[in-house]
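Structural characterization, general
Listed below are the residues making up each chain.
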Amino acid sequence: NAGVTQTPKFQVLKTGQSMTLQCAQDMNHEYMSWYRQDPGMGLRLIHYSVGAGITDQGEVPNGYNVSRSTTEDFPLRLLSAAPSQTSVYFCASSYSISRTPIVRDEQFFGPGTRLTVL
Amino acid sequence: GQNIDQPTEMTATEGAIVQINCTYQTSGFNGLFWYQQHAGEAPTFLSYNVLDGLEEKGRFSSFLSRSKGYSYLLLKELQMKDSASYLCAVRGKAGSYQLTFGKGTKLSVIP
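Below you will find a few notes about this structure. All residue numbers here refer to positions counted from 1 along the written sequence of the relevant chain. For naming, the first written chain is A and the first written ligand is 1, with later ones following in the order written. The predicted nature of this model means local features are confined to residues of pLDDT at least 70 and side-chain atom pairs, given and counted, to a pLDDT of 80 or more, with totals for whole chains, interfaces and linings taken over all residues. Computation of side-chain values covers all heavy atoms of the structure but excludes hydrogens and water.

Overview of the side chain of B:Ser71
All names here are of chain B. Stated formally: Runs of H or I in DSSP of at least four residues are treated as helices and runs of E of at least two as strands, each being numbered from the N terminus. Polar contacts here mean pairs of N or O atoms no more than 3.5 Å apart (in protein, one a potential hydrogen donor and the other a potential acceptor; neighbouring residues in sequence count only if both atoms are side-chain atoms). Here, residues are in contact when the closest pair of their heavy atoms is within 4.5 Å.
Mapped onto the elements of the fold, Ser71 is located in strand β8 (residues 70-75). Reaching out from Ser71, the side chain makes a polar contact with the side chain of Trp34 at a distance of 3.1 Å. Only 2.8 Å separates the side chain of Ser71 from the backbone oxygen of Phe63, close enough to count as a polar contact. For Ser71, the contacting residues outside a window of four places in its chain are Ile20, Asn21, Cys22, Leu32, Trp34, Phe63 and Leu64.

With respect to the side chain of A:Gln85
Looking at the secondary structure, you find A:Gln85 in the loop between β8 (76-78) and β9 (87-94). Excluding its chain neighbours within four sequence positions, the residues that come into contact with A:Gln85 are A:Arg36, A:Asn62, A:Gly63, A:Tyr64, A:Leu78, A:Ser80, A:Leu115 and A:Val117.

Considerations on the sheet that holds strand β3 (residues 18-25) of chain B
Residues and elements named next belong to chain B. The line we're drawing: Two strands qualify as a pair provided that DSSP identifies no fewer than 2 bridges between them. What counts as an axis is a line fitted to C-alpha atoms, over the stretch in contact for a helix, and the angles between N-to-C directions run from 0 to 180 degrees.
Judged by pairing direction, the sheet is antiparallel, and its 5 strands sit side by side in the order β1-β3-β8-β7-β6 without closing on themselves. Two strands lie at the open edges of the sheet, namely β1 (3-5) and β6 (53-57), each paired on one side alone. Put simply, the sheet's adjacent strands are angled 15° from each other on average, direction ignored. Pairing analysis gives 5 bridges linking β6 to strand β7 (residues 60-65), with the strands arranged antiparallel. Residue pairing in the sheet places Glu55 in a bridge with Ser62 of β7.

Brief notes about the state of the cysteines
Residues and elements named next belong to chain A. Note the threshold: To count as a disulfide, a pair of cysteine sulfur atoms needs to be within 2.5 Å. Residue exposure (1.4 Å probe, protein chains only): buried if accessible area is under 20% of the type maximum, exposed if over 50%, otherwise partly exposed.
Scanning the model with the defined rule gives 2 disulfides over all chains in all. Between the sulfur atoms of Cys23 and its disulfide partner Cys91 the distance amounts to 1.8 Å. Because the torsion about its S-S bond is -70°, the bridge between Cys23 and Cys91 counts as left-handed. With Cys23 in strand β3 (residues 19-25) and Cys91 in strand β9, the pair connects residues that are 68 residues apart, well separated along the chain. Taken individually, Cys23 and Cys91 each receive the classification buried, so the pair is uniform in this respect.

A look at the layout of surface pockets
Spelled out, the test is: Definitions used throughout: a 1 Å grid over protein atoms alone; a cavity as a set of points that fits a 1.4 Å probe which cannot get out; a pocket as an open set with protein on both sides within 12 Å along at least five of seven lines; a lining residue as one with an atom within 4 Å of a point. Grid points are joined across faces, edges and corners, and a volume is the space filled by probe spheres set on the points. Three classes are used, and their members are as follows: Ala, Val, Leu, Ile, Met, Phe, Trp, Tyr, Cys and Pro are nonpolar, Asp, Glu, Lys and Arg are charged, and the others, Gly among them, are polar.
Here the largest pocket is characterised by a volume of approximately 580 Å³. As for the largest pocket, its lining consists of 24 residues, of which A:Gln37, A:Pro39, A:Gly40, B:Gln37 and B:Ser85 are closest to the centre. Elements that contribute at least two residues to the lining of the largest pocket include exactly β4 (31-38) and β9 of chain A together with β9 (84-91) and β11 (105-110) of chain B. If one sorts the elements of the lining of the largest pocket by residue count, β9(B) sits on top with 3 residues. For the lining of the largest pocket, a count of residues per class yields 6 nonpolar, 12 polar and 6 charged. Here the second largest pocket is characterised by a volume of approximately 480 Å³. Lining the second largest pocket we find 22 residues, and of these A:Glu59, B:Gln2, B:Leu99, B:Thr100 and B:Phe101 sit closest to its centre. Those elements giving two or more residues to the lining of the second largest pocket turn out to be β5 (42-51) of chain A together with β1 and β10 (99-101) of chain B. Among the residues forming the lining of the second largest pocket, the class breakdown is 6 nonpolar, 11 polar and 5 charged.

Here we look at the sheet that holds β8(A)
Residue and element names in this part refer to chain A. A sheet is described by the order of its strands in space; here 4 strands give the open sequence β1-β3-β8-β7, paired in antiparallel fashion. For this open sheet the edge positions go to β1 (4-7) and β7 (64-66), each flanked by a neighbour on one side alone. Recorded for the sheet is a direction-independent mean angle of 20° between the axes of neighbouring strands.

Written as structure tokens, this is what we have:
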């Protein structure tokens, strides 16, 4: 298993450009999420999905869109990049939410995408 | 709302024991996680507590007191490779997989 993969590893954008950060997992996890990590701010949830076709907003969703057409893929789109979106972006996934009671089910993180917006 | 506090930085000596504290105030509680994150890398899972008490896993232990909104991560026999950030995260709602993370504690292990 490759686990959670993210592409690209590094990206530099100009203000106003758009791009898509790719995330894929091969563990058949239902839950997937996107975080951004900034110095002194910790990990903050951008968007999440509890299954194909279902997405919802997290703590800091503005300027980002997501979709979940398959269980495996959860891309994050930056519509019009701004310098404030310079950050490290992590995708994560967890086991099926259909199991009850929810037990340990930790989130598995991808290696991250380091994005700079000039 | 969710509020999770942990110290920003700590320094400890190789071979010693260090305790990293985490306090939380959340609207609901359904588990507390500790993650380790080396510089430039992704977070990796260390431990999980949902009931009060101590969970031990090798050199690492984690403690939870739900009534006090308090947890700690205990690292024994510190090694240089333990130099990393340690992230406390709380799952607030039953049936939810959303985690709220603290800002992390950067631990430096010195010889």
